[in-house]
Amino acid sequence: MYVIVGLGNPGKEYTGTRHNIGFEVIDTLAGQEGIRVLERKHKAMVGRGYIGGQKVILARPQTYMNLSGESVRELVDYYKIDEKEELIIISDDVSLEPGQLRIRKKGSAGGHNGLKNIIQHLGHDEFQRVKMGVGEKPKGYDLADYVLGHFTGDEKKLMEKAASEAADAIRMMLREGADAAMNRYNQKVKTAE
């Protein structure tokens, strides 16, 4: 069984923000796979189903980003999964170009408070993650204001495509493992000239 967690903030005011791209990927995956993420438990909205024959739990923590680890810890404990192999976290990343994916099997939080809190609650940083590029903050911007800001029209289309690509990457991770998905998806985004 896999627990797949998209990070974000609950509440309508955060819908469509850079920080909530993890929620968007969960919604995309759920929609494509016919999984309803409607049950409230483990401090998250949760849905169960199968993806490519693998039993999965899809989750959107409702704790706010900085406390995501509380929900992840509860999910890991309740479903008794091996978090190094069966946990996948989806988060935004300001060090990647908008729409770029980066799959990792471990690593630091890289300044991301949601990941930092998950690492704190798990006691290690060895869990799979799908990082979604949202672009670097412009000079003079406050980082929090930037990640809580909404995508522009062009970025929105790009991020919808990226969410769909992330869903494909996750399916590949479940089917063939993280290494295969890293080889396929950890490439620079080709920008239109």
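The preceding data block contains the structure.
Residues numbered from 1 in each chain as written. Predicted model: local features only at pLDDT ≥ 70, side-chain atom pairs only at ≥ 80, totals over all residues. Heavy atoms only, no water.

## Concerning the sheet that holds strand 5 (residues 87-93)
Sheet strands pair via backbone hydrogen bonds, and the direction of the pair is either parallel or antiparallel. As a reminder of what qualifies: Strands are treated as partners if at least two bridges between them are detected by DSSP. Only runs of H or I of at least four residues qualify as helices and only runs of E of at least two qualify as strands under DSSP, and these elements are numbered from the N terminus. The convention used is that axes are lines fitted to C-alpha atoms, helices contributing only their stretch in contact, and that angles between N-to-C directions extend from 0 to 180 degrees. Note on contacts: a residue pair is in contact if any heavy atoms of the two residues lie within 4.5 Å.
The strand order across the open sheet formed by 7 strands is 2-3-4-1-5-7-6, and the pairing between neighbours is mixed. Each of the sheet's edge strands pairs with one partner strand only, and the pair in question is strand 2 (39-41) and strand 6 (101-104). Neighbour to neighbour, the strand axes of the sheet diverge by 25° on average, direction disregarded. Across 4 bridges, strand 1 (residues 2-6) lies against strand 4 (residues 54-61) in parallel orientation. Across the sheet, residue I4 finds its bridge partner in strand 4, namely L58. The sheet contacts of helix 7 (residues 178-185) involve strand 6 and strand 7 (128-133), and relative to strand 6 the element is tilted by about 155°.

## A closer look at the packing of aromatic side chains
Two descriptors summarise a pair of aromatic rings, namely the distance from one centre to the other and the angle between the planes of the rings. Rule in force here: In this scheme Phe, Tyr and Trp rings, the latter by its six-membered ring, pair at centre separations within 6.5 Å, and the angle between planes marks the pair as stacked below 30 degrees, edge-to-face above 60, and tilted otherwise. Exposure is judged per residue with a 1.4 Å probe applied to protein chains only, and the accessible area is read against the type maximum: over 50% gives exposed, under 20% gives buried, and values in between give partly exposed. Working rule: Lys NZ or Arg CZ, within 6 Å of ring centre, within 35 degrees of ring normal, means a charge sits over the ring.
If you walk through the whole model with that rule in mind, you get 3 aromatic pairs. Measuring from centroid to centroid gives 6.2 Å for Y14 and Y64, while their planes differ by 80°, and the two rings are edge-to-face. Note that Y14 is positioned in the loop between strand 1 and helix 1 (21-33) and Y64 in the loop between strand 4 and helix 2 (68-79), a separation of 50 residues in sequence. Residues Y141 and Y146 carry aromatic rings whose centres are separated by 6.2 Å and whose planes lie at 90° to one another, so their mutual orientation is edge-to-face. Assessed through its relative accessible area of 46%, Y141 is described here as partly exposed. Above the face of the F23 ring, R60 is positioned so that its terminal group lies 5.7 Å from the ring centre. In this structure, R129 is placed above the aromatic ring of F127, and the distance from its NZ or CZ to the ring centre is 4.1 Å.

## Topic: the pattern of salt bridges
Pairs may arise between side chains of opposite charge once their charged atoms sit close together. Quick reminder of the rule: Whenever Lys or Arg places a side-chain nitrogen within 4 Å of a carboxyl oxygen from Asp or Glu, that contact is recorded as a salt bridge.
With the rule as written, the count across this model stands at 13 salt bridges. Here the salt bridges share partners, and the residues they tie into one network are E33, D168 and R171.

## Things to note about the environment of S108
Using the following cut-off: Throughout this description, a polar contact denotes any pair of N or O atoms lying within 3.5 Å of each other; where both atoms belong to protein, one of them has to be capable of donating a hydrogen while the other can accept it, and for residues adjacent in sequence the pair is counted only when both atoms sit in side chains.
Locating S108 in the fold gives a position in the loop between strand 6 and helix 4 (113-122). In sequence terms S108 and I81 are 27 residues apart; their C-alpha atoms lie 21 Å from each other. The contacts of S108, once residues within four sequence positions are left out, are I119, D125 and R129. Polar contacts involving the side chain of S108 include one to the main-chain amide nitrogen of G110, which spans 3.2 Å.

## Focus on the nonpolar core
Stated precisely, the cut-off is as follows: We call a set of buried residues a nonpolar core when its members are Ala, Val, Leu, Ile, Met, Phe, Trp, Tyr or Cys and they connect through side-chain atoms within 4.5 Å of each other.
If you look at the biggest cluster of nonpolar residues, it comprises 34 residues, and the most contacted ones within it are I4, L58, V130, M132 and I170. By residue number, the principal contributor to this core is helix 6 (residues 153-176), which donates 10 residues.

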